[in-house]
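Residues per chain, in single letters:
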Amino acid sequence: MGKSRTDTAGKMNVLKSRTELLCLSVNTLDEFTTPEDLHRLLADIDSLRAKVVRYAKDLEQVSRKDETH
């Protein structure tokens, strides 16, 4: 498993990279795409969504901490 990102810029870079990879995967879809390919794509989408949700929560916590200081 990879090292957890703690800085906002790093997290945004991770999201950008993962989104670019997802776009590349989508661009490879064609008439030869199998159901397994589509299930893998859905798993990648779910993984990216979970990361976005986690990073959003992290940013909300940082924002709350900044407001109290």
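Scroll up to find the structure.
Here we summarise the structure given alongside this text. For every chain, the first residue of its written sequence is number 1, and the numbers climb from 1 along that sequence. Where totals are concerned, whole chains, interfaces and linings use all residues; where local detail is concerned, this predicted model gives features only for residues with pLDDT of at least 70, and gives and counts side-chain atom pairs only at 80 or more. The side-chain figures draw on all heavy atoms in the structure; neither hydrogens nor water molecules are used.

Time to look at the pattern of salt bridges. The salt bridge definition used is simple: a Lys or Arg side-chain nitrogen within 4 Å of an Asp or Glu carboxyl oxygen. Counted by the stated rule, this structure contains three salt bridges. Between lysine 11 and aspartate 58 there is a salt bridge; the shortest N-O distance is 2.7 Å. Within this pair, whereas lysine 11 is found in helix H1 (residues 8-27), its partner aspartate 58 is found in helix H2 (residues 35-68), the two being separated by 47 residues in sequence. A residue is classified by how much of its surface remains accessible, and lysine 11, at 6% relative accessible area, is buried. Residue classification places aspartate 58 among the partly exposed residues on the basis of a relative accessible area of 23%. The partner of aspartate 37 in a salt bridge is arginine 40, with the nearest N and O atoms 2.5 Å apart. Note that aspartate 37 and arginine 40 are positioned in helix H2 at a spacing of three residues, about one turn of the helix. Secondary structure counts use DSSP, requiring at least four H or I residues in a row for a helix and at least two E residues in a row for a strand, with both numbered from the N terminus. Buried means the residue's accessible area, taken with a 1.4 Å probe over protein chains only, is under 20% of the maximum for its type, while exposed means over 50%, and partly exposed covers the values in between.

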